[in-house]
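Coordinate analysis (summary)
Okay, here's what each chain looks like letter by letter:
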Amino acid sequence: MDDLTEGLRIRPGALTDAPAVLDMLDGAVAWMNARGNTEQWGTIPYSRRPDGVERIERYMTENAPHVAERDGTPVGALVLDSGPSPQMPISPADEPEVYVRLLISDRRLAGQGIGAALLAHAVEETRRAGVELLRVDCWAGGGGELVAFYERNGFTPTDRFLSGTWPGQVLARRVR
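Model, not experiment: these values are computed from the prediction.

1. Points about the overall build of the chain
Tallying secondary structure elements over the chain gives 4 helices and 7 strands in all. Traced from its N-terminal end to its C-terminal end, the chain shows the element sequence β-α-α-β-β-β-α-β-α-β-β. If one aligns the C-alpha atoms of the chain with their principal axes, the spans along those axes are about 40 × 35 × 30 Å. The proportion of buried residues among the 176 residues of the chain is 45%.

2. A word on unusual backbone geometry
A positive phi angle, close to 55°, is found at D71, a residue other than glycine. Here D71 is to be found in the loop between β2 (64–70) and β3 (73–81). Residue D71 is classed as exposed on the basis of its relative accessible area of 76%.

Conventions used here
- Residues numbered from 1 in each chain as written.
- Predicted model: local features only at pLDDT ≥ 70, side-chain atom pairs only at ≥ 80, totals over all residues.
- Heavy atoms only, no water.
- Helix = DSSP H or I, 4+ residues; strand = E, 2+ residues; numbered from the N terminus.
- Buried < 20%, exposed > 50% of the residue type's maximum accessible area, 1.4 Å probe, protein only.

Scope: geometric values only; no functional claims are made or implied.
Right under this line is the structure:
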């Protein structure tokens, strides 16, 4: 563990973590909007979207949530599943896979390696499950910064897609 992630602990998430995850999502929307990015997640705080709270509560109860904490305070979250969201135009893999449904970190701590630590945890969880394929999808707009983040973390771009007018990219990582 390097200096940036020192003191970071990743634990299983629970329904009681939903408010903290929603706070991080709301902070991410505000952070993106302040930088001129209104396309990735729109302009409405996640907690005020018609399905926002319910979706996060489902993630925290029906999927495999993980929370990164520093000094007992949630600073990031990862939600794993067995495939892509059925609401997205993404085909399931033709083999068992672990799929990153959500990766978020507190934007006030941007650049401190929280997202990378959560992705490394996803690799370990995938390995522990005996699965060799870890996939994620992300926004492919702007200057491609988010796609580049996943590439820096060992993922390779595979399929591009459109969800309405929202450009997306699927990325994959082999786990052995």
